[in-house]
Amino acid sequence: MKEVLIIYYSQSGQLTDILKNIASTISDEKVNISYYEIVPKKKFPFPWEQEEFYGAFPETFLQIPTPLESVPSEILGKKYDLVILGYTTWYLTPSIPINSFLKSAEAKALLANTPVVTVSASRNMWIMAQEKMKKLLIANSAKLVGNIALVDRNLNHISVITIVHWLMGGKKTKMLGIFPKPGVSDKDIDAASRFGNPIKAALLQNEYSKLQDNLLEVGAVKVDSSLIATDIRGNIVFTKWADLLIKKEGEERGKWLVYFKYYLLFAIWLIAPIVFIVFLLTYLPMYRKIQRDKAYYSSVELK
Ligand SMILES: Cc1cc2nc3c(=O)[nH]c(=O)nc-3n(C[C@H](O)[C@H](O)[C@H](O)COP(=O)(O)O)c2cc1C
């Protein structure tokens, strides 16, 4: 009997649905699947209030852990052949609950020397978060063998508008009845079951060297090259903002978070389009690098 553990944190349940669909084609009489949901001691709100949403930025970006409820002993007591780790991106970084788990002693116990497949469901900016994830897994002596990254496939700026409607309103519905539904589409959520087949084959043979290639063949990752530069630049600027905000307390912090909110709006609506135009203008001379980057960020390697 092969033992698989699915570890996850999802507020709306979108990621949970994706993971269950993947699991549906892995589970059979030879595979036992267990689930462990990460539970922070102090719950993050859903739907979000603006203050809490922006307030979560410094601790998320600086990867400062928050206390979690303990992992149940029946989960901790077993050795797993494979772990599937479902996470979402907050501020270009794995979310606070996932980061907190990966910095715990329990994560070390569960993940050491264990193959891990990461599954993310973000808006569309997940690439640098996955680089941080690769490092967190190495720190736990885990072996990243596969990655599935699902996103909102609508235009970047459309998804910015619709995600606010979803995260602040709590309902994954068409805003004003005319915008597309936010997040990963229902079709992509349902079709996630196809990723279970290559995972199951690798699990049963205990041979993971070709797993990521096989996952890529069924569309597990589509790197949007135009977003790589925005993600990298965003990380540079976020480092400065996070270092500044973490030192502020009380009312001062509240005031600076408002400035940060306006900076974010400015970055999304003005800087990101400029970065996109530069990407288009330099596409031909940069073609080879773009292809190299695409291959690297689709892989499970860490530079
Ligand atoms: C505080 C916060 C920050 C987020 N930042 C990003 C981000 O930087 N990039 C991205 O693609 N999605 C971002 N998202 C969207 C999430 O990755 C995710 O898709 C969404 O919150 C739904 O996740 P759920 O399964 O927990 O409901 C953010 C969400 C929240 C709540």
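Residues numbered from 1 in each chain as written. Predicted model: local features only at pLDDT ≥ 70, side-chain atom pairs only at ≥ 80, totals over all residues. Heavy atoms only, no water.

**Description of the site of the ligand**
This is how the line gets drawn: Any residue with a heavy atom lying within 4 Å of a molecule or strand is counted as near it. Polar contact is the term for a pair of N or O atoms within 3.5 Å; when the atoms are in protein, one must be able to donate a hydrogen and the other to accept it, and sequence-neighboring residues count only if both atoms are side-chain atoms. Per-residue and other accessible areas follow the Shrake-Rupley method at a 1.4 Å probe size, with only the shown protein chains counted as cover for residues. In the cavity and pocket records, a cavity denotes points on a 1 Å grid over the protein atoms alone where a 1.4 Å probe fits but cannot get out, a pocket denotes an open set with protein on both sides within 12 Å along at least 5 of 7 lines, and lining residues are residues with an atom within 4 Å of a point. By definition, a pocket or cavity contains a molecule when more than half of the molecule's atoms lie within 2 Å of the pocket's grid points. The helix count covers DSSP runs of H or I at least four residues long, the strand count covers runs of E at least two residues long, and both are numbered beginning at the N terminus. Residues were grouped as follows: Ala, Val, Leu, Ile, Met, Phe, Trp, Tyr, Cys and Pro as nonpolar; Asp, Glu, Lys and Arg as charged; and all remaining residues, including Gly, as polar.
Around the ligand sit 19 residues, and of these Ser10, Gln11, Ser12, Thr89 and Met125 come closest. Gln11 places a polar main-chain atom, nitrogen or oxygen, 2.6 Å from an oxygen atom of the ligand. A distance of 2.8 Å is found between an oxygen atom of the ligand and a backbone nitrogen or oxygen belonging to Met125. For the ligand, whose unbound accessible area comes to 620 Å², protein coverage reaches 95%. Because more than half of its atoms lie within 2 Å of the grid, the ligand is assigned to the largest pocket. Listing elements by their share of the shell around the ligand, those giving two or more residues are strand E4 (89–90), strand E6 (115–122) and helix H8 (156–169). Looking at the shell around the ligand residue by residue, the class counts come to eleven nonpolar, seven polar and one charged.

**As for the layout of surface pockets**
We count it as follows: Grid points are joined across faces, edges and corners, and a volume is the space filled by probe spheres set on the points. The source of the domain bounds is an automatic or database domain assignment.
In this structure, the largest pocket spans a volume of roughly 1,200 Å³. In terms of lining, the largest pocket is formed by 48 residues, of which the most central are Phe53, Tyr91, Arg123, Ile163 and Ile268. Every element with two or more residues in the lining of the largest pocket is listed here: helix H1 (14–24), helix H2 (50–55), E4, E6, H8, helix H12 (225–245) and helix H13 (250–281). For the lining of the largest pocket, the element with the most residues is H13, which contributes ten residues. The residue makeup of the lining of the largest pocket, split by class, is 31 nonpolar, 13 polar and four charged. If you count residues domain by domain, the lining of the largest pocket takes at least three from each of domain 1 (2–222) and domain 2 (227–294).

**A short note on the pattern of salt bridges**
Selection rule: Salt bridge, as used here: a side-chain nitrogen of Lys or Arg that lies within 4 Å of a carboxyl oxygen of Asp or Glu. Categorising residues by exposure relies on relative accessible area from a 1.4 Å probe, with only protein chains included: less than 20% of the type maximum marks a residue as buried, more than 50% marks it as exposed, and the intermediate range marks it as partly exposed.
In this structure the tally under the stated criterion is eight salt bridges. The residue Lys181 makes a salt bridge to Asp186 at a minimum N-O spacing of 2.9 Å. With a shortest N-O distance of 3.1 Å, Glu252 and Lys255 are connected by a salt bridge. Here the residue Glu252 and the residue Lys255 both occupy positions in helix H13, the gap between them amounting to three residues, near one helical turn. The class for Lys255 is partly exposed, based on a relative accessible area of 40%.

**Looking at a nonpolar patch on the surface**
For the record, the criterion: The patches reported here contain residues having more than 30% relative accessible area and no salt bridge. Joining distances are 9 Å for like charges and 5 Å for nonpolar side chains (Val, Leu, Ile, Met, Phe, Trp, Tyr).
A contiguous nonpolar patch, built from Val258, Tyr262, Leu265 and Trp269 and spanning about 390 Å² of accessible area, is present on the exposed surface. The topology assignment puts Trp269 in helix H13.

**Concerning the packing of aromatic side chains**
Worth spelling out the cut-off: For Phe, Tyr and Trp, rings pair up if their centres lie within 6.5 Å, where Trp contributes its six-membered ring, and each pair is then called stacked (planes under 30 degrees apart), edge-to-face (over 60) or tilted (otherwise). Note on geometry: a ring has a charge over it if NZ (lysine) or CZ (arginine) is within 6 Å of the ring centre and within 35 degrees of the ring normal.
Under the counting rule described, the total for this entry stands at 24 aromatic pairs. Considering the side-chain rings of Tyr296 and Tyr297, the 4.9 Å spacing of their centres and the 65 degrees angle between planes classify their relative orientation as edge-to-face. Overall, Tyr296 belongs to the buried group, its relative accessible area being 11%. Between Lys261 and the ring centre of Tyr262, over which it is positioned, the NZ or CZ distance is 5.4 Å. Across from the ring centre of Tyr296, 4.5 Å away, lies the NZ or CZ of Lys303, which sits over that ring.

**A closer look at the domain arrangement of the protein**
Put simply, the rule is: The contact rule is simple, with two residues in contact once any of their heavy atoms fall within 4.5 Å. Two parts placed together each lose some accessible area under a 1.4 Å probe, and the buried area is that loss summed for both.
We note that the domain assignment places domain 1 (2–222) and domain 2 (227–294) within the protein. When each unit is reduced to the centre of its C-alpha atoms, the spacing between domain 1 and domain 2 is 23 Å. Across the contact, 21 residues belong to domain 1 and 22 residues belong to domain 2. Summed over the three residues of domain 1 that lose the most area to domain 2, namely Tyr54, Phe57 and His157, the buried surface amounts to 29% of that side. Counting across the interface, domain 1 meets domain 2 through one salt bridge. Counting the contacts that link domain 1 with domain 2 gives seven residue pairs in polar contact (both at pLDDT 80 or more). For the side of domain 1 that touches domain 2, the secondary structure elements donating two or more residues are H2, helix H3 (57–61), helix H7 (127–139) and H8.

**With respect to the packing of H7 against H12**
Basically, it comes down to this: Where helices are involved, their axes are fitted lines through C-alpha atoms of the stretch in contact, as for all axes, and angles between N-to-C directions lie from 0 to 180°.
The contact between H7 and H12 brings their axes to 8 Å, and the two run at 65 degrees. Note on element contacts: H12 touches H7 through Ile228, Asp231, Ile232 and Asn235, opposite Ile127, Met128 and Lys132. Looking at side-chain class alone, the contact of H7 with H12 contains four nonpolar, one polar and two charged residues.

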